[in-house]
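Coordinates in review
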Amino acid sequence: EDQVTQSPEALRLQEGESSSLNCSYTVSGLRGLFWYRQDPGKGPEFLFTLYSAGEEKEKERLKATLTKKESFLHITAPKPEDSATYLCAVQAWGGTASKLTFGTGTRLQVTL
Amino acid sequence: GAVVSQHPSRVICKSGTSVKIECRSLDFQATTMFWYRQFPKKSLMLMATSNEGSKATYEQGVEKDKFLINHASLTLSTLTVTSAHPEDSSFYICSARLGTGHEQYFGPGTRLTVT
């Protein structure tokens, strides 16, 4: 069974204090790993897709990396508007097409 | 691009009644849509995969007679919670897949409260 574990559960940073969020996964065959941002009471917003170990993607202050066992979401010089829950999900080859298995997320709070 | 809407955003209903939630892809055609349920501070749990023009595929443990899914067009899928009970209260979110890509784009969610 595919599993996704995210850590830490919650993270509080000061503005400008860089950090990383971790997503560890076990999957029969990785088709893709996805990062989403979710604000309270809203649906997830797509950030990145990573397909193979060694791949990196960047968007503004966010950078996602992937190894064979885990993915990191690096946040550089965060701002208060980066406060949200960040969700990681994996998609495996075979089984239900396109099924995403989500982690429970990391709740990030960035303070002034 | 890739905007997904849901209606209503919030609904309160009495126990025993049915509630319909709509999910629309606004600027693209979605052959596949997904329905998720999310409990507070919990992960999104896939309920079912909806393919246009065919029956939905339900995840293990999801009652298909209770959660009716219809995907009648390439831009609309509906979830009907039949004979709702307080334990059905939750945040329901739909997503749509853009073409044959792997990414799913999510709607804003519907908060259902059953009294």
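This text follows the structure it describes.
Residues numbered from 1 in each chain as written. Chains lettered and ligands numbered in written order. Predicted model: local features only at pLDDT ≥ 70, side-chain atom pairs only at ≥ 80, totals over all residues. Heavy atoms only, no water.

What follows concerns the sheet that holds strand 8 (residues 76-81) of chain B. Residues and elements named next belong to chain B. Pairing is antiparallel in the open sheet, where four strands are placed in the order 1-3-8-7. Of all the strands in the sheet, just strand 1 (4-7) and strand 7 (67-73) have a single pairing partner and so form its edges. Neighbouring strand axes in the sheet, compared pairwise and without regard to direction, differ in orientation by 15° on average. As paired elements, strand 3 (residues 19-25) and strand 8 share six bridges and run antiparallel to each other. Looking across to strand 8, one finds that Val19 is bridged to Val81. (Pairing = 2+ DSSP bridges. Helix = DSSP H or I, 4+ residues; strand = E, 2+ residues; numbered from the N terminus. Axes fitted to C-alpha atoms, helices over the stretch in contact; angles between N-to-C directions.)

Residues and elements named next belong to chain B. All chains considered together, the criterion is met by two disulfides over all chains. Through a disulfide, Cys23 is tied to Cys94; the S-S separation comes to 2.0 Å. Across the disulfide from Cys23 to Cys94, rotation about the S-S bond amounts to roughly 80°, and the bridge is consequently right-handed. Of this pair, Cys23 sits in strand 3 while Cys94 sits in strand 9 (residues 90-97), and the two are 71 residues apart along the sequence. Each member of the pair, Cys23 as well as Cys94, carries the same accessibility label: buried. There is no disulfide at Cys13, and the cysteine sulfur nearest it, in Cys94, is 18 Å away. (Disulfide = S-S within 2.5 Å. Buried < 20%, exposed > 50% of the residue type's maximum accessible area, 1.4 Å probe, protein only.)

This part is about the side chain of Arg37 of chain A. All names here are of chain A. Along the polypeptide, Arg37 turns up in strand 4 (residues 30-38). For Arg37, a relative accessible area of 15% puts it in the buried group. Engagement of the side chain of Arg37 in a polar contact is seen with the backbone oxygen of Ser83, the distance being 3.3 Å. Ignoring any residue separated from it by four or fewer positions in sequence, one finds Arg37 in contact with Gly43, Pro44, Glu45, Leu47, Glu81, Asp82, Ser83, Ala84, Thr85 and Tyr86. (Polar contact = N/O pair within 3.5 Å; in protein donor to acceptor, adjacent residues only side chain to side chain. Contact = heavy atoms within 4.5 Å.)

This brings us to the pairing of strand 2 (residues 10-13) of chain B. Residues and elements named next belong to chain B. Only one face of strand 2 is buried, namely the one carrying Val11 and Cys13, since none of Arg10 and Ile12 on the opposite face is buried. Pairing of strand 2 with strand 11 (residues 110-114) involves four bridges; the strand directions are parallel. Pairing of Cys13 across the sheet is with Val114, part of strand 11.

Before going further, it helps to examine the interface of chain B and chain A. Residue-level contacts link 19 residues of chain B with 22 residues of chain A. The contact between chain B and chain A buries some 1700 Å² in all, and 54% of this surface belongs to carbon and sulfur atoms. Interface area lost by chain B to chain A is led by His102, Glu103 and Phe106 of chain B, which between them contribute 31%. Summed over the shared surface of chain B and chain A, the number is one salt bridge. (Buried area = accessible area lost by both parts, 1.4 Å probe. Salt bridge = Lys/Arg side-chain N within 4 Å of Asp/Glu carboxyl O.)

With relative accessibility at 0%, the residue Cys94 of chain B sits in the buried group. Sequence separation between Cys94 of chain B and Asn51 of chain B is 43 residues, and the spatial gap between their C-alpha atoms is 13 Å.

So, on to the pattern of salt bridges. All names here are of chain A. Throughout the structure, instances matching the rule amount to seven salt bridges over all chains. With a shortest N-O distance of 3.8 Å, Lys57 and Glu55 are connected by a salt bridge. The partner of Arg61 in a salt bridge is Asp82, with the nearest N and O atoms 2.8 Å apart. With a gap of 21 residues between them, Arg61 in the loop between strand 6 (56-59) and strand 7 (62-66) and Asp82 in the loop between strand 8 (70-75) and strand 9 (84-92) connect regions that are remote in the sequence.

Residues and elements named next belong to chain A. Judged by pairing direction, the sheet is antiparallel, and its five strands sit side by side in the order 1-3-8-7-6 without closing on themselves. Each having just a single partner strand, strand 1 (3-7) and strand 6 make up the two edges of the open sheet. The average undirected angle you get between the axes of adjacent strands in this sheet is 15°.

Moving on: the packing of aromatic side chains. Per the stated rule, a full pass over the model turns up eight aromatic pairs over all chains. An aromatic cluster is present here, built from Tyr36, Phe46 and Phe102 of chain A together with Tyr36, Tyr105 and Phe106 of chain B joined pairwise through their rings. (Phe/Tyr/Trp six-rings, centres within 6.5 Å; stacked < 30°, edge-to-face > 60°.)

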